[in-house]
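Residue strings, one per chain:
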Amino acid sequence: KVVCAVIRKGFRVFCVQKGETKYPYTSYKWEFPGGKVEEGEIQQRALRRELKEELNYDVKVEGRVTSVNYAYPDFEIDLHAWQCTPVKNATYTLNEHVDAHWVPLWKLKKMDFAAADKVIIRKMRRKHLIASLLIAVCYSFIFVYYLFYFFSGWLLAGTLLWFILLVVLNYLYM
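Figured I'd write up the structure that's included with this text. As the structure is a computational prediction, the values presented were derived from the model and not from experiment. (Residues numbered from 1 in each chain as written. Predicted model: local features only at pLDDT ≥ 70, side-chain atom pairs only at ≥ 80, totals over all residues. Heavy atoms only, no water.)

1. Concerning the side chain of Glu41
Just so we agree on the cut-off: Numbered from the N terminus, helices here are DSSP runs of H or I no shorter than four residues, and strands are runs of E no shorter than two. Under this definition, polar contacts are N or O atom pairs within 3.5 Å; protein pairs additionally need one hydrogen-donor-capable and one acceptor-capable atom, and for neighbouring residues in sequence, both atoms have to be side-chain atoms. Contacts are assigned to residue pairs that have any heavy atoms within 4.5 Å of one another.
Note on placement: Glu41 falls in the loop between strand E4 (34-36) and helix H1 (43-55). A distance of 3.0 Å separates a polar atom in the side chain of Glu41 from the backbone nitrogen of Glu38. A polar atom in the side chain of Glu41 sits 2.8 Å from the side chain of Arg49. Excluding residues that lie within four positions of it along the chain, Glu41 makes contacts with Lys36, Ala46 and Arg49.

2. A short note on the pairing of strand E1 (residues 2-9)
A regular strand places its side chains so that they alternate between the two faces of the sheet. For the record, the criterion: Buried residues are those whose accessible area, probed at 1.4 Å on protein chains only, stays under 20% of the maximum for their type, while exposed residues exceed 50% and partly exposed ones sit between those limits. Strand pairing is assigned whenever DSSP detects at least two bridges linking the two strands.
Judged by how many residues are buried, E1 sits mostly within the fold: six of eight residues are covered. Pairing of E1 with E4, which is carried by three bridges, proceeds in the antiparallel orientation. The residue of E4 that forms the bridge with Val2 is Lys36. Across six bridges, E1 lies against strand E6 (residues 76-86) in parallel orientation. By the bridge assignment, Ala5 is partnered in E6 with Trp82. Bridging between E1 and strand E2 (residues 12-17) involves two bridges; their strand directions are antiparallel. Across the sheet, Lys9 pairs through a bridge with Arg12, a residue of E2.

3. Comments concerning the packing of aromatic side chains
Keep this limit in mind: Stacked, tilted and edge-to-face are the three classes applied to pairs of Phe, Tyr and Trp rings, where Trp contributes its six-membered ring and a pair requires centres within 6.5 Å; stacked means planes under 30 degrees apart, edge-to-face means over 60, and tilted covers the rest.
Taken as a whole and assessed by the stated rule, the structure comprises eleven aromatic pairs. An angle of 50° between the planes, with centres 5.2 Å apart, marks the rings of Phe14 and Trp102 as tilted. Within this pair, whereas Phe14 is found in strand E2, its partner Trp102 is found in strand E7 (residues 99-104), the two being separated by 88 residues in sequence. The exposure class of Phe14 is buried, given its relative accessible area of 0%. With 4.8 Å between their ring centres and 65° between their planes, Tyr70 and Tyr72 make a pair best called edge-to-face. Classification of Tyr72 as buried rests on a relative accessible area of 10%. Taken together, the aromatic side chains of Tyr23, Tyr25, Tyr70, Tyr72 and Phe75 make up a single cluster linked through ring pairs.

4. So, the pattern of salt bridges
Oppositely charged side chains can form a pair if their charged atoms are brought close together. Basically, it comes down to this: In what follows, salt bridge is the name for a side-chain nitrogen of Lys or Arg lying within 4 Å of a carboxyl oxygen of Asp or Glu.
Scanning the model with the defined rule gives seven salt bridges in all. The salt bridge involving Glu38 is made with Arg49; its shortest N-O contact spans 3.7 Å. Of this pair, Glu38 sits in the loop between E4 and H1 while Arg49 sits in helix H1, and the two are eleven residues apart along the sequence. Linking Lys52 and Asp58 is a salt bridge whose minimum nitrogen-to-oxygen distance equals 3.3 Å. Since its relative accessible area comes to 38%, Lys52 is described here as partly exposed. Through salt bridges with shared partners, one network takes in Glu38, Glu41, Arg49, Glu50 and Glu53.

Below you can see the structure in the form of structure tokens.
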């Protein structure tokens, strides 16, 4: 079992870049920081320990994001992603990685992530899209009410455009 941290600050996520590894398909790839769970260790404690060892970084583990089982050509990984936030005034030090960045959510899909982490990003995008649709529906009802109240002739066209705009904007930000 392996755990990783999806550390967020607003619309940004903390990502680290691996150095050279024994497999070329994982070398210099971006990933969410984390590591292996030791025997008898709970995932949240393992995650805090790994972040302390690799980055000297303190975080608050808030909840599970998703789990992924991914088969690379030479090994298989059982990866569990957890939502985290940095402890106030926490700083990090790159002890095992070559780079780190706070990346806007909408740029994650453009980065060269390790394959298992790409699956986590896709799952997060899918969950975000569903939430975006629900938000868009709620705002559309409010918009329809005001549109009907003030301009009943533009009701259908305005509602459709508003709904499409909200879905597109919410999707772009994830």
